[in-house]
Amino acid sequence: MPKWITQVGCPYCGASCDDLEVLVSDDGKRVLETRNACAIGNEIFHHAQSPSRPKLPRMRQPDGSMKEVSYDEAIDYTAKTLLAAKKPLIYGFGSTNCEGMSAVARVAEKGGAVLDNCASICHGPSFLAIFDNGYPSCTLGEAKNRADVVVFWGCNPMHAHPRHTSRYSIFPRGTFTAKGQMTRTIICVDPRETDTAKLADHHLMVKQGHDYDLFDAFRTVLRGHDIPDEVAGIPKKTILDAAKVMKNARFVMIFFGMGCTHTDGRNHNVDIAISLTRDLNAHTKASIMAMRGHYNIAGPGQVWSWQFGFPYCIDLSKGTHAHMNPGETSSIDLAMRGEIDCFVNVGTDAGAHFPIRAVEQLKKHPFITVDPNICMASEISDLHIPVRVVGVEEPGVVYRMDNVPIQFKKVVDGPEGVPSDEELFDRVYERMCELTETEPIWLLAKDHAKAATNAEQ
Ligand code: SF4
């Protein structure tokens, strides 16, 4: 009999929904149907079943074609290439679990690599602002239960995080928001009339790239000062009305996205958004949250912060200490300056999402992709190593956009012989230790930890 598995996590966007139900075949190998997922989440589960998915690593041949090789050969090549490089870059990690991120970090330390994740091209500016100005944030549960004014600034959850509005921010009925949408006033700040803007009670169609000015105007009004008749394309009255709505709220929740981090001002936009949140707290309760993109892109920030003290752009090439300085140690900057001599793309698609000039620079050196699927990065790689899909074939811990950890389940068996990211990188680490005739201290530490846990149980 096919079986419904409940409380399944969705390995796609930062909403990290954990209420999916998945019908699996009686042999436990096939996903037949999903419930509760949005169209994107549903597709992830069905796509994992694609018969065209690679089941063995593929190595580039002298004639340009790709040839299947064994996992042992792929691991040996990866270990030797990382050890031979002076400054390898290991990048990605939006789409894997924390166990995989931790295993890759051990390899990066051994290889003296730069370790970076997709935040570098996404919410990295938010990190910079948070370092400067703090992060008055909360959990999505608090937003659901308390927020009666919700601001979407430079983000479009209706397309990027499709169930965000129904689970946390507009429609759900919470403890103190019992009438759901009727309890909430929605403000959307976006230059376009997005589907999120269409749901809003107030849409402030800000002039592209002038978000800083508008944040400044709100702060000025909240502090009791006058503003010009128009700021950033928005009439004074509209700003005064929206400021009044925020001031009279019981709980204001500000969600922000790429409209702030990818436009003029970048980290300064987020910096002043945080200051606005702080100012609002003089009148009411207010909180702010970055709309993190991938289901576990908050994970590397957590895992590497406790491993190295930094969330991204971590240069381990000095061998003695970790160093972080976005602009100097960030992936795109390193690639553009031609400072990288080996690139490992893990659980992302740098081939599709990096600027073409950065890809051209990286392509001058060994380029390895570790990903379950064929993607643009895999197709320009010298080596593509397939792994299991987290949340479908591999369980693990992921961090939701509000940094709440969630244990994702495995719902079906992965393709035979295909390892998880964690298993793969543990083997790469072991091989690097063999080649350098050093003790695999981290694997021994892991064994000790496992033995201690088993003894406790
Ligand atoms: S909203 Fe995001 S996490 Fe939830 S089902 Fe859709 S893609 Fe998955």
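Computed from a prediction, not measured in an experiment: that's the story for all the values here. (Residues numbered from 1 in each chain as written. Predicted model: local features only at pLDDT ≥ 70, side-chain atom pairs only at ≥ 80, totals over all residues. Heavy atoms only, no water.)

Trainee: In this structure, what is going on with the nonpolar core? I would like to understand it.
Mentor: Ranked by internal contacts, the top residues of the largest apolar core, which has 42 residues, are Ile 90, Leu 115 and Trp 304. In terms of residues, this core owes the most to one element, helix α3 (residues 98–111), which gives seven residues. (Core = buried A, V, L, I, M, F, W, Y, C linked by side-chain atoms within 4.5 Å. Buried < 20%, exposed > 50% of the residue type's maximum accessible area, 1.4 Å probe, protein only. Helix = DSSP H or I, 4+ residues; strand = E, 2+ residues; numbered from the N terminus.)

Trainee: Would you take a moment to explain the domain arrangement of the protein for this structure?
Mentor: Where interface size is quoted, it is often the accessible area lost as the parts come together. Domains assigned within the protein are domain 1 (3–47), domain 2 (58–122 + 296–447) and domain 3 (124–290). Distance from the C-alpha centre of domain 1 to the C-alpha centre of domain 2: 26 Å. Buried area between domain 1 and domain 2, summed over both chains or domains, comes out near 1300 Å², and the portion from carbon and sulfur atoms is 60%. Where domain 1 touches domain 2, the interface holds one salt bridge. Those elements that provide at least two residues to the side of domain 1 that touches domain 2 are β1 (3–8), β2 (20–24) and α1 (39–47). The dominant element in the side of domain 1 that touches domain 2, judged by the number of residues it contributes, is β1, at four residues. (Domains from an automatic or database assignment. Buried area = accessible area lost by both parts, 1.4 Å probe. Salt bridge = Lys/Arg side-chain N within 4 Å of Asp/Glu carboxyl O.)

Trainee: I tried to follow the state of the cysteines on my own but got confused; where do I start?
Mentor: By definition, a disulfide links two cysteine residues through a covalent bond between their sulfur atoms. Considering all chains together, one arrives at zero disulfides under this definition. With no disulfide partner, Cys 138 has as its closest neighbouring cysteine sulfur the one in Cys 155, 14 Å distant. Cys 260 carries a free sulfur, and the closest cysteine sulfur to it, the one in Cys 155, is 7.8 Å from it. (Disulfide = S-S within 2.5 Å.)

Trainee: What exactly am I supposed to notice about the side chain of Asp 426 here?
Mentor: Tracing the backbone through its elements, the reader meets Asp 426 in helix α18 (residues 421–435). For Asp 426, the contacting residues outside a window of four places in its chain are Ala 103, Arg 106, Leu 443 and Lys 446. (Contact = heavy atoms within 4.5 Å.)

Trainee: Would you mind going over the UniProt feature "domain: Molybdopterin oxidoreductase" (unreviewed entry) in the protein with me for this structure?
Mentor: Under the UniProt annotation, "domain: Molybdopterin oxidoreductase" (unreviewed entry) lies at residues 55–264. The span residues 55–264 is 42% helix and 18% strand, and its two end C-alpha atoms sit 43 Å from each other. (UniProt positions renumbered as here; feature names shortened; annotations may be inferred.)

Trainee: Please explain the environment of Asp 226 as it appears in this structure.
Mentor: On the secondary structure map, Asp 226 appears in the loop between α9 (211–222) and β11 (230–231). The spacing of Asp 226 and Ile 5 is 221 residues in sequence and 57 Å in space, taken between C-alpha atoms. Among residues more than four places away in sequence, those in contact with Asp 226 are Thr 220 and Lys 236. A distance of 2.9 Å separates a polar atom in the side chain of Asp 226 from a polar atom in the side chain of Lys 236. (Polar contact = N/O pair within 3.5 Å; in protein donor to acceptor, adjacent residues only side chain to side chain.)

Trainee: Looking at this structure, how should I read the packing of aromatic side chains?
Mentor: Each aromatic ring pair is specified by the distance between its two centres and by the angle formed by the two planes. Counted by the stated rule, this structure contains 11 aromatic pairs. Each residue in the set Tyr 91, Phe 343, Phe 354 and Phe 367 is aromatic and connected to the rest through ring pairs, giving one cluster. Here the guanidinium or amino end of Arg 35 rests over the ring plane of Trp 4, the centre of that ring lying 3.7 Å away. (Phe/Tyr/Trp six-rings, centres within 6.5 Å; stacked < 30°, edge-to-face > 60°. Lys NZ or Arg CZ within 6 Å of the ring centre and 35° of its normal.)

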